[in-house]
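Geometric and topological summary
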Amino acid sequence: MDGPTDREAPAPTGTAAWIAADRELADLPAGPALVRLLVDLTEQGAESAWTKPALVSLFDDAGEVAAAERFFAEIRELALAARSIEVERRYAPWARTNAIADLPSATLELGEANAAPGAWLARWVAVGQRLGPRWGSVEPFLAEMVRERPLLAEEAEGTDAGPPGPGDFLDLLRATISVQPAAIEMGGPVGPADPELFRRYCREVPPGPVGWALRGRPIEFADGTRLEFLRFPRLGELTSRDGQGRLTFHLPPTGELPDLLAGPLGAYLARAEPALGAHALGFAAHCRRSLERLRERFAPRLVADALTHGLSPRAGGG
């Protein structure tokens, strides 16, 4: 009789998949140097006078300008929030509160700003999902801008033409964005109301970086209903086919919705549950790959940052 074979354990499903993904994200070997790099690259590219208008125009031509605008609003918010924490630690205890109060969208809450470096990386990756559906056209478009910049700088006769570091910003996007469909499509009928399933997700899924896994990835069902999360499973919106019926929900970790509201959310989550668990695990794996790409591409900058702050490259997140 043959002995036991080495087989991989089955992938976790349901809330277990989200818990496993959250643990993987928490174990990402990132550090403060990586967060500073993300902020620097974002400020160099996303806020430039060229990159943002050009990308918004590209998405506008495809009738998807809202996706680009949300991407720039959210990535700017991340950069401001992370930078404000750095300023607070070095100079002013009031900086973080003031900076987050002035942020342009509702991406972050005050309580989640001061997170671990791995959580910040997960947030950058999640916001990048806004551009994922059109990455196949965005990447060559930005690459052409990077190639044209030296010529424009020469024509400007010594002035600083174009955005600083557009090539580095493009490399940041290359490390954190992948081509993907605009939505997660779920065929087949949706079952009866299931308030307990939704409550179970709210109880068991940690309020951490894994909650960002569905940002920019709405779930579309065969009956035309659309479910979109900003922080799974506690902040999102359920919209009917005609757009007239809309349920917006925002729950603290200990909060609960009445059956009338939790029931429909549970029914749609039950239909999407297998796909969502796989998506959470895939998101965590992609964040790990993004970390390795960033380390490889920006190794000299991470080493320099570590030396500046008196840390080894690995301890600093390089």
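These figures come from a predicted structure and were not determined experimentally.

**Some words on the overall build of the protein chain**
Of regular secondary structure, the protein chain possesses 11 helices and 5 strands. Counting over 318 residues, the protein chain shows a buried share of 47%. Considering only residue pairs separated by 6 or more positions, the protein chain has 74% of its internal contacts joining residues 24 or more positions apart. Carbon and sulfur atoms form 55% of the exposed surface of the protein chain, whose accessible area is close to 15,200 Å².

**Let's talk about helix 8 (residues 166-176)**
Extensive coverage of helix 8 is indicated by the burial of 9 of its 11 residues. Buried within helix 8 are the following residues: Pro166, Asp168, Phe169, Leu170, Asp171, Leu172, Leu173, Ala175 and Thr176.

**A closer look at the packing of aromatic side chains**
Counting across every chain of the model gives 8 aromatic pairs. Seen from their ring centres, Trp120 and Trp124 are 6.4 Å apart, and the 55 degrees between their planes marks the pair as tilted. Of the two residues, Trp120 and Trp124 are both situated in helix 6 (residues 117-128); the distance of 4 residues between them amounts to about one turn of the helix. Like Trp124, Trp120 is buried. Grouping aromatic residues by their ring pairs yields a cluster made of Trp18, Phe198, Tyr201, Phe229, Phe232 and Phe249. Above the face of the Phe59 ring, Arg134 is positioned so that its terminal group lies 5.9 Å from the ring centre. The ring of Trp212 is capped by Arg215, whose NZ or CZ atom sits 4.1 Å from the centre of that ring.

**Notes on the sheet that holds strand 1 (residues 184-186)**
Read from one edge to the other, the open sheet built from 5 strands follows the order 1-2-3-4-5, with strand pairing classed as mixed. Whereas interior strands pair on both sides, the edge strands pair on one side only; in this sheet they are strand 1 and strand 5 (246-250). If you compare each strand with its neighbour and ignore which way they point, the axes differ by 15 degrees on average. Strand direction decides the pairing type here: strand 1 and strand 2 (residues 219-221), joined by 3 bridges, are parallel. Bridging across to strand 2, Glu185 finds its partner in Glu220.

**Structural notes on empty space enclosed by the protein**
Using the criterion set out here, one finds 2 cavities of 30 Å³ or more in the structure. One number sums up the size of the largest cavity: a volume of about 50 Å³. Contributing to the lining of the largest cavity are Thr51, Leu142, Met145, Val146, Pro166, Phe169 and Leu170. Broken down by secondary-structure element, the contributors of at least two residues to the lining of the largest cavity are helix 7 (135-155) and helix 8. For the lining of the largest cavity, the residue count by class is 6 nonpolar, 1 polar and no charged.

Rules used throughout
- Residues numbered from 1 in each chain as written.
- Predicted model: local features only at pLDDT ≥ 70, side-chain atom pairs only at ≥ 80, totals over all residues.
- Heavy atoms only, no water.
- Helix = DSSP H or I, 4+ residues; strand = E, 2+ residues; numbered from the N terminus.
- Buried < 20%, exposed > 50% of the residue type's maximum accessible area, 1.4 Å probe, protein only.
- Contact = heavy atoms within 4.5 Å.
- Areas by Shrake-Rupley, 256 points an atom, 1.4 Å probe, with all protein chains shown as cover.
- Phe/Tyr/Trp six-rings, centres within 6.5 Å; stacked < 30°, edge-to-face > 60°.
- Lys NZ or Arg CZ within 6 Å of the ring centre and 35° of its normal.
- Pairing = 2+ DSSP bridges.
- Axes fitted to C-alpha atoms, helices over the stretch in contact; angles between N-to-C directions.
- 1 Å grid on protein atoms, 1.4 Å probe; cavity = no way out; pocket = protein on both sides within 12 Å on 5 of 7 lines; lining within 4 Å.
- Points joined across faces, edges and corners; volume = space filled by probe spheres on them.
- Nonpolar A, V, L, I, M, F, W, Y, C, P; charged D, E, K, R; others polar.

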